[in-house]
Amino acid sequence: MATKGFWTGTPTFDPTRQFRFKVSIGDSGTIWWAKTCDKPKVNIPVLGKDEYYLNSPLPDIHPGEIADFQPITMTFIDPAEPHEAASIISQLNGASNGNFPRIDGQALKDQFGVITISQMDSKGEALETWTLKDAFPTSIDFGSLDYGSDDFITITMTFEYTAFEVETYTKGKKKLIPLTRPRAPTSMTEAKKLDGGFS
């Protein structure tokens, strides 16, 4: 948020910058070779749009009650040591119990686990931390080769996740915590109550 006189006076806060971030996947520690990383995306569905086509003079357009988490994409520079491609291949092998390309879904989640994305300030302190639960890759691009280029090899991965938590640290901590499994609906009747009967 801009402060009074931000553009004309001396700013009291430094705007957040794209290059100030840290990423970790599972128990790998900070992945310093991460080049780009999406932050989570949330899609809120819109209900009632079809009423326009039913000759309704005042369509009851309103937001759905269950938000949808969109996948995120990361790109990595392959640093050779540690060898990022070899690490990913090892994780895929672990998720397939040596039977790749057959994949065990839960084993794949266990291999990659939790993704943590921290956005930092100029002093290296966290401004916000996103924790993606049960993350697993849905697309892996190991890069391309070109005799006419001296660019770095980049690996691109797209991840899905079941939920996320976010914690911010400016002007007091604020948290957004998703519905936990014990509180999640256990039947179709409970699910319809949760989303207003639109299931």
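Just above sits the structure.
Computed from a prediction, not measured in an experiment: that's the story for all the values here.

Comments concerning the overall build of the protein chain
Looking only at helices and strands, one finds three helices and 13 strands in the protein chain. Across the 199 residues of the protein chain, 27% fall into the buried class. For the protein chain, long-range pairs separated by at least 24 residues make up 57% of all intrachain contacts whose partners lie at least 6 apart in sequence. In the structure as shown, the protein chain presents an accessible area of about 13900 Å², 54% of it carried by carbon and sulfur atoms.

Focus: the packing of aromatic side chains
The tally for this structure, following the rule as stated, stands at five aromatic pairs. Among the aromatic residues, those joined into a ring-pair cluster are Phe69, Trp130, Tyr161 and Phe164.

Topic: unusual backbone geometry
Of note, the bond from Phe100 into Pro101 is cis; its omega dihedral lies within 30 degrees of zero at 15°. In this model, Ala80 sits at a positive phi of 70°, which is unusual for a non-glycine residue. Structurally, Ala80 can be placed in the loop between β7 (72–77) and α1 (84–96). The backbone phi angle of Asn97 is positive, close to 55°, even though this residue is not glycine. Position of Asn97 relative to the elements: it lies in the loop between α1 and α2 (105–112).

Observations concerning the nonpolar core
Counting 27 residues, the largest nonpolar core has Ile25, Met74, Phe76, Ile115, Leu132 and Phe159 as the members making the most contacts within it. Considering every element that reaches this core, the biggest residue donor is α1, with four residues. Other than its neighbours up to four places away in sequence, Met74 contacts Val23, Ile25, Thr36, Cys37, Ile115, Ile155, Thr156, Met157 and Phe159.

Some words on the pairing of strand β9 (residues 126–133)
In summary, the side chains of a regular strand alternate between the two faces of the sheet. Among the eight residues in β9, six count as buried, and that is most of the element. With six bridges joining them, strand β8 (residues 115–120) and β9 adopt antiparallel strand pairing. Looking at the pairing, Thr116 lines up with Thr131 of β9. With antiparallel pairing between neighbouring strands as the criterion, β8 and β9 make up a hairpin whose turn holds five residues, including Gly124 at a positive phi of roughly 85°.

Observations concerning the pattern of salt bridges
A complete count under the given rule lists three salt bridges for this structure. Among the ionic pairs, Lys39 bridges to Glu128, the shortest N-O distance being 2.6 Å. On the criterion of sequence distance, the pair formed by Lys39 in the loop between β2 (34–37) and β3 (41–43) and Glu128 in strand β9 is long-range, its members being 89 residues apart. Since its relative accessible area comes to 35%, Lys39 is described here as partly exposed. Glu165 serves as the salt-bridge partner of Lys133, at 3.9 Å between the closest nitrogen and oxygen. Here Glu165 lies in strand β12 (residues 163–168) and Lys133 lies in strand β9, a separation of 32 residues in the sequence.

So, the packing of α1 against α2
The contact between α1 and α2 brings their axes to 8 Å, and the two run at 145°. Handedness of the α1/α2 crossing: right-handed. Facing Gln91, Leu92, Gly94 and Ala95 of α1, the residues of α2 in contact are Ala107, Leu108, Gln111 and Phe112.

What to know about α2
Within the span of α2, buried status applies to Ala107, Leu108 and Phe112. One side of α2 holds all its buried residues, which, seen down the axis, span an arc of 125°. In this fold, the buried residues of α2 make contact with β1 (21–25), α1, β10 (136–141) and β11 (154–160). The backbone nitrogen of Gln106 has a side-chain oxygen 3.1 Å away, supplied by the residue at the start of α2, namely Asp104. Gly113, located one to two residues past α2, shows a positive phi value of around 65°.

Analysis parameters
Residues numbered from 1 in each chain as written. Predicted model: local features only at pLDDT ≥ 70, side-chain atom pairs only at ≥ 80, totals over all residues. Heavy atoms only, no water. Helix = DSSP H or I, 4+ residues; strand = E, 2+ residues; numbered from the N terminus. Buried < 20%, exposed > 50% of the residue type's maximum accessible area, 1.4 Å probe, protein only. Contact = heavy atoms within 4.5 Å. Areas by Shrake-Rupley, 256 points an atom, 1.4 Å probe, with all protein chains shown as cover. Phe/Tyr/Trp six-rings, centres within 6.5 Å; stacked < 30°, edge-to-face > 60°. Core = buried A, V, L, I, M, F, W, Y, C linked by side-chain atoms within 4.5 Å. Pairing = 2+ DSSP bridges. Salt bridge = Lys/Arg side-chain N within 4 Å of Asp/Glu carboxyl O. Axes fitted to C-alpha atoms, helices over the stretch in contact; angles between N-to-C directions. Left-handed = near helix turned anticlockwise from the far one by under 90°. Arc of directions from axis to C-beta. Polar contact = N/O pair within 3.5 Å; in protein donor to acceptor, adjacent residues only side chain to side chain.

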